[in-house]
Amino acid sequence: MLIWILADNNAVKYSAFKTLLGRFSKEYPDMDISFEIKSKKTLWKNFFKFLRDPEKNSMADIVEIPQEWTAVFSKLGMFLELESISDEIKDSDYPSFLRNSMKAEDSSRLFSAPFYGEIRSLHYRPDMIKAAKIKSNMEMLGWDEFISVCDSVSADNRRKNFFPLDNFNTSGADAADILPCVLNRGGEGYFSSDFGSCEIMKDEVAEGIEDYMSLFVRKYLPVFQENFYEAAFIESKLSAMAFSWRKPLKAGRNEMTVVPFPNLRRKNNPARYYGFAVTCACKETGEASVFLKWVLNFENSSFFKKRLGVFEAKEKDLKKQLEKEQKIYGDLFASAVCPPNFSVYPSFEIIFSSAISDICLEILRGDYSKENLFRRLALIKGEADYLLSVY
Amino acid sequence: MKNQKEKRKISQESFFKDLTESAWKNSGCDGISVFHCLSSKGILKGLYKFSGGFFCETGENLFFENDEQFSKSIFSMKPFKLNEGLASYYYYPVEIKGDFDLSEFGRENLIFFRFEKFSRGKLNYSKISKAAGEIEAAMENFYMVDFEILKTYYYRNIVSSARLGEIFASSIKTEDSYKTIISGLQKHFGFDRIRFYTVKEQEKKLIGAYSVDISGRVKAIDYDKIILEPGAHRFADIVLEKTDKDYSSSYGDKVFYLPLKIENKPAGLLIFDNLLSQIPISQEEREMLKSFASQIAMAVDNINLFNKIEQLSLYDELTKLPLRRYFNSRFQEEFYRAERFSQPLSVLWIDIDYFKEINDTYGHQIGDVALKEAGRIINSSLRKIDFPCRYGGDEIIIMLPQAGYSEAYNLAKRLSGEIRNIKIPVPFSSNKEISLTASMGIASYPADASKQEELLAKADEALYWVKSHGRNSIKAYCEIKNETGQEK
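Residues numbered from 1 in each chain as written. Chains lettered and ligands numbered in written order. Predicted model: local features only at pLDDT ≥ 70, side-chain atom pairs only at ≥ 80, totals over all residues. Heavy atoms only, no water.

**Focus: the confidence of the model for chain A**
Right, so step 1: On average, residues of chain A score 90 in pLDDT, and 96% of them are at 70 or above.
Right, so step 2: Taking the mean pLDDT of every element in chain A, the minimum, 67, falls on helix α10 (residues 229-236) of chain A and the maximum, 97, on strand β3 (residues 62-66) of chain A. (pLDDT = per-residue confidence, 0-100. Helix = DSSP H or I, 4+ residues; strand = E, 2+ residues; numbered from the N terminus.)

Now the structure itself:
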């Protein structure tokens, strides 16, 4: 049985997953199980290649996917219904903010099982904040106040390559990174509530995007850079803060403080979850069932999530985990929202991210202008609306 | 010789995996990353990484345009060292030789291998130099990756051309010819969706025929009707060639429009899109589709011609109602269905009153108008499952599946009213216009008959009764049976 897992900024994921499979193999020595690493982009391409020509293109039996891919690929017949694999996977085991992400569009049938999750927060080094003589309450930062903090931290650190904020995203920014700023401005996301139209040109959304991009323009956040979080960020003090999706990693856990994303309205805290789906190429559904049941068990896989600094998916496991974590995470998860799970959302993310990447290059070249950004956004809206009309 | 199954297909991924794994083992580094130098964008775009014993793709982008020293080092085409944070790097450039129009690298064929040591670790340059030499030698074989791409590309082209040619040629014979064409195209090209529109010249419209998605599901899109006039819609502009805009490059190369022409006249439009997958439609695919355009257009023309001939042989040109031969075959099918599923089936037999007199008095031209109008009324008043027919002369039969006596009677009553409303102007006559009336007879299965011929005969009998009792009326066989005391 072959599993495709998603590539990660942190290579710890691969060794942890190898250990995970090693433990599974000890319990089930007759089962031949292996994994390969695929980037999100390649995984997406491979799904379509396989759909086009299943005879000539290979496909894993089980795949790790962002939960919001469930609707589109279940609609295209790529995933097997989980009930036919294992009747033990129930949406009622998961928190309400996750349940929709397991289903096909307009149906209650389940096609993916969430494995682990991440939630947006702000990490900072208290020593550096103190050194910059910042008196603001970091837990209650408004957006303008946060910009002032960046300014002060920047003024206090004149080293080459220093940025007040660290960027985890080596490709610049994507839809999920920007979403908190959109929510800050009062937008509800990139689409109307019925997902009938793209709302990217609404003032709140456009201004939210501009807020995030201004962090690049002001040089508070590097545009493209390696993931320094573990090595340089903590030890070399190349940044004082980071917008993180995960918990502070092992090396700096004691040196970091976690607070909510600046100014984020408490009713919406962006989270993202990754889960497993069984593909239509899977011949041994019995084995897939055994693996899913095993891997979704807290006792078997909690070590993997701990090493990665991510969160549990099942409601009771998450509750158990949050009791042991910093209180802030309990508050954040109380109002967690996941990206919408409907057919065209992942395609929209690709269009959006590609445009944002171009804008990032404009920023680096000094060609950035608000008018340019809004013109690009209008084009994205046009494309997204066309997508909605066709699919 | 190796067994076919044992042969490993060379792909770009497998090539770089082998290369970086070996370099990682031999260089004593923590990781090896592969970057593609995109000088047009000023970035080193991360492709692959081998680190900690794992090979994966990387999305790491390094912008060098603003960093003079970094830029200079990159374009020097010589290896260079760089320290960032706690990491030490050694960049090793390799130029890929050959014609790479088909590969992902295009014309920008400079690759950088980055040897990495993290956490203040020291790079071992003698080991790195050896590993870099091995990389350089192995990269000489990179052409094999492109060769594999070329081979697959040409093989697919040849197979597609042959199979699609067969499909286009045979589509006329199949019942759902349009479906066959777009399903064939979908199977060989595998787009997210193909939509097919045909030109209805008389209506001046572009009408949706079918769409097929990536999983092969075909859907009718006949609800999509576009006015075929310049400026009315971008599809109309494309088909009429009334636009300077290159729509083929719209939506970031994810959509391709292929207008179809027959003898320089617009015949239809095929729209190929990869909007869902966001995978660009390649130039090669576009060119290949363009080369098929005339074959597809010819197939469409053949289908249209075939449909026209079929229309002529099955339908009455004057009333646009099906002819007797067509009716008989459908009647047989529907009667069988009614028997099998124990459903009612009625027959309504209509005769235009005094039709012979109209012809004799006002001429055949007026008679034709009368029939045409009656046909129009009937065609527009029926359910989708009802089936009318011009049975001969002025006699019209309507088959009403799943309808018993009362449903048939209601329809007859409505039709009778509408036929009475027909006013036909008669020039050069003192009457100025004539009105029509009709006599109608109804028979129903299973109440009145148990066989097809018997059902028609009973409806005819009911019609005869009306005609012999003053015309302009409706009678069902069950009524005349009761009135005459006739027993079955």
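Now that the structure has been shown, we can carry on.
**Brief notes about the domain arrangement of chain A**
Put simply, an interface is often sized by how much accessible area is lost when its parts join up.
All names here are of chain A.
Right, so step 1: When the domains of chain A are assigned, the result is domain 1 (2-118 + 272-337) and domain 2 (121-268 + 343-390).
Right, so step 2: Taking only C-alpha atoms into account, the centre of domain 1 sits 27 Å from that of domain 2.
Right, so step 3: With 27 residues of domain 1 at the interface, the matching set in domain 2 holds 24 residues.
Right, so step 4: Summed over the three residues of domain 1 that lose the most area to domain 2, namely Asn9, Arg272 and Tyr329, the buried surface amounts to 23% of that side.
Right, so step 5: Put simply, domain 1 and domain 2 have four salt bridges between them. (Domains from an automatic or database assignment. Contact = heavy atoms within 4.5 Å. Buried area = accessible area lost by both parts, 1.4 Å probe. Salt bridge = Lys/Arg side-chain N within 4 Å of Asp/Glu carboxyl O.)

**Topic: the layout of surface pockets**
Residue and element names in this part refer to chain B.
Right, so step 1: The calculated volume of the second largest pocket comes to roughly 1600 Å³.
Right, so step 2: Surrounding the second largest pocket, 33 residues form its lining, Tyr178, Lys200, Asn304, Asn307 and Lys308 being those nearest its centre.
Right, so step 3: For the lining of the second largest pocket, the secondary-structure elements that each account for two or more residues are α5 (177-189), β8 (193-200), β9 (205-213), β13 (265-273) and α7 (283-314). (1 Å grid on protein atoms, 1.4 Å probe; cavity = no way out; pocket = protein on both sides within 12 Å on 5 of 7 lines; lining within 4 Å. Points joined across faces, edges and corners; volume = space filled by probe spheres on them.)

**Let's talk about the packing of helix α1 (residues 12-27) of chain A against helix α11 (residues 285-295) of chain A**
All names here are of chain A.
Right, so step 1: One can describe the packing of α1 onto α11 by two numbers: an axis separation of 11 Å at closest approach and a directional angle of 115°. The handedness of the crossing between α1 and α11 comes out as right-handed. Contacts from Phe17, Leu20, Leu21, Arg23, Phe24 and Glu27 of α1 reach α11 at Val290, Phe291, Trp294 and Val295.
Right, so step 2: Along the lines of polarity and charge, the residues of the contact of α1 with α11 split into eight nonpolar, no polar and two charged. (Axes fitted to C-alpha atoms, helices over the stretch in contact; angles between N-to-C directions. Left-handed = near helix turned anticlockwise from the far one by under 90°. Nonpolar A, V, L, I, M, F, W, Y, C, P; charged D, E, K, R; others polar.)

**Digging into the interface of chain B and chain A**
Right, so step 1: Of the residues lining the interface, 44 residues belong to chain B; the matching set on chain A comes to 43 residues.
Right, so step 2: Taking both partners together, chain B and chain A bury about 3700 Å²; carbon and sulfur atoms supply 57% of that area.
Right, so step 3: Contact with chain A buries area across many residues of chain B, yet Phe54(B), Ile214(B) and Leu276(B) alone supply 20% of it, more than any other trio.
Right, so step 4: There are three salt bridges connecting chain B and chain A.
Right, so step 5: Sorting the residues of the side of chain B that touches chain A by element identifies β2 (43-51), β3 (54-57), β4 (61-63), β8, α6 (234-239) and β12 (255-262) of chain B as the ones contributing at least two each.
Right, so step 6: The biggest single contributor to the side of chain B that touches chain A is β3(B), with four residues.
Right, so step 7: In terms of residue class, the side of chain B that touches chain A is built from 18 nonpolar, eleven polar and 15 charged.

**Comments concerning the domain arrangement of chain B**
Right, so step 1: Looking at the assigned domains, one finds that chain B contains domain 1 (10-142), domain 2 (174-311) and domain 3 (324-484).
Right, so step 2: Centre-to-centre, using C-alpha coordinates, domain 2 of chain B lies 42 Å away from domain 3 of chain B.

**Quick notes on helix α16 (residues 370-390) of chain A**
The α-helix advances 3.6 residues per turn, and as a result positions three or four apart in sequence lie on the same side.
Right, so step 1: For α16(A), with 21 residues, the first-to-last C-alpha span of 30 Å sits near the 30 Å given by 1.5 Å per residue.
Right, so step 2: Residues of α16(A) that are buried: Asn372(A), Leu373(A), Arg376(A), Leu377(A), Ile380(A), Glu383(A), Ala384(A), Tyr386(A), Leu387(A), Leu388(A) and Val390(A).
Right, so step 3: Buried residues along α16(A) sit in contact with α9 (203-217) and α15 (345-365) of chain A together with β8, α6, β12 and β13 of chain B. (Expected span 1.5 Å × (residues − 1). Buried < 20%, exposed > 50% of the residue type's maximum accessible area, 1.4 Å probe, protein only.)

**Some remarks on a positive patch on the surface**
Right, so step 1: A cluster of basic residues, Lys41(A), Lys45(A), Lys49(A) and Lys41(B), forms a positive patch on the protein surface.
Right, so step 2: Tracing the chain through its elements places Lys41(A) in helix α2 (residues 40-52).
Right, so step 3: Here Lys41(A) falls in the exposed class, since its relative accessible area comes to 53%. (Patch = residues over 30% accessible without salt bridge, like charges linked within 9 Å, V, L, I, M, F, W, Y side chains within 5 Å. Areas by Shrake-Rupley, 256 points an atom, 1.4 Å probe, with all protein chains shown as cover. Lys, Arg positive; Asp, Glu negative; His and termini not counted. Charge placed at Lys NZ, Arg CZ, Asp CG, Glu CD.)

**Focus: the packing of helix α1 (residues 12-27) of chain B against helix α3 (residues 125-139) of chain B**
Residues and elements named next belong to chain B.
Right, so step 1: Relative orientation of the contacting elements α1 and α3 amounts to 160°, with a least axis distance of 8 Å. Here α1 lies roughly antiparallel to α3, going by the angle between them. Of the two elements, α1 crosses α3, and the hand of that crossing is right-handed. Between α1 and α3, the contacting residues are Phe15, Phe16, Leu19, Ser22, Ala23, Asn26 and Ser27 on the first element and Lys127, Ile128, Ala131, Glu134, Ile135, Ala138 and Met139 on the second.
Right, so step 2: Per-class residue counts for the contact of α1 with α3 are nine nonpolar, three polar and two charged. (Parallel < 35°, antiparallel > 145°, perpendicular 65-115°, else oblique.)

**Quick notes on the environment of Lys97(B)**
Right, so step 1: Tracing the chain through its elements places Lys97(B) in the loop between β6 (87-95) and β7 (110-117).
Right, so step 2: Sequence-wise, Lys97(B) and Phe142(B) are 45 residues apart; in three dimensions their C-alpha atoms are separated by 8.4 Å.

**Observations regarding the sheet that holds strand β19 (residues 438-445) of chain B**
All names here are of chain B.
Right, so step 1: Strand order in the open sheet made by the five strands is β15-β16-β14-β19-β20, with mixed pairing throughout. Two strands close off the open sheet at either side, each with one partner strand: β15 (387-392) and β20 (474-476). Each neighbouring strand pair of the sheet contributes to a mean axis angle of 20°, computed without reference to strand direction.
Right, so step 2: Each of β14 (345-352), β16 (395-401), β19 and β20 is contacted by helix α11 (residues 405-420), which is oriented at about 165° to β19, the strand it contacts most. (Pairing = 2+ DSSP bridges.)

**Examining α2(A)**
Right, so step 1: Here α2(A) spans 19 Å end to end across 13 residues, near enough to the 18 Å set by a 1.5 Å rise per residue.
Right, so step 2: Every buried residue belonging to α2(A) is among Thr42(A), Leu43(A), Trp44(A), Asn46(A), Phe47(A), Phe48(A), Phe50(A) and Leu51(A), and all of these are buried.
Right, so step 3: Those residues of α2(A) that are buried are in contact with β1 (2-6), β2 (34-38), β3, α3 (70-75) and α15 of chain A together with β3 of chain B.

**Quick word on the pairing of β9(B)**
A regular strand carries its side chains on alternate faces of the sheet.
Residues and elements named next belong to chain B.
Right, so step 1: The buried fraction of β9 is high, at eight of nine residues.
Right, so step 2: The sheet contact formed by β8 and β9 spans eight bridges and is antiparallel. From the neighbouring strand, arginine 193 faces β9, where its bridge partner is aspartate 213.
Right, so step 3: Hairpin geometry of β8 and β9 is characterised by an intervening segment of four residues between the two adjacent antiparallel strands and by a positive phi of about 55° at lysine 204.
Right, so step 4: Looking at chain direction, β9 and strand β11 (residues 225-227) are connected through three bridges and run antiparallel. Looking across to β11, one finds that lysine 205 is bridged to isoleucine 227.
Right, so step 5: Pairing of β9 with strand β10 (residues 218-220) involves three bridges; the strand directions are antiparallel.

**What about unusual backbone geometry?**
Residue and element names in this part refer to chain B.
Right, so step 1: For the bond from tyrosine 445 to proline 446, the omega torsion is 5°, close enough to zero to count as cis.
Right, so step 2: Of note in the backbone geometry, lysine 204 takes a positive phi value of approximately 55° without being a glycine.
Right, so step 3: Along the chain, lysine 204 falls in the loop between β8 and β9.
Right, so step 4: A relative accessible area of 53% means that lysine 204 is categorised as exposed.
Right, so step 5: In this structure, arginine 471 is a non-glycine residue whose phi angle is positive, near 60°.
Right, so step 6: Considering the arrangement of structural elements, one finds arginine 471 in the loop between α12 (452-467) and β20.
Right, so step 7: Judged by relative accessible area, which is 27%, arginine 471 ranks as partly exposed.

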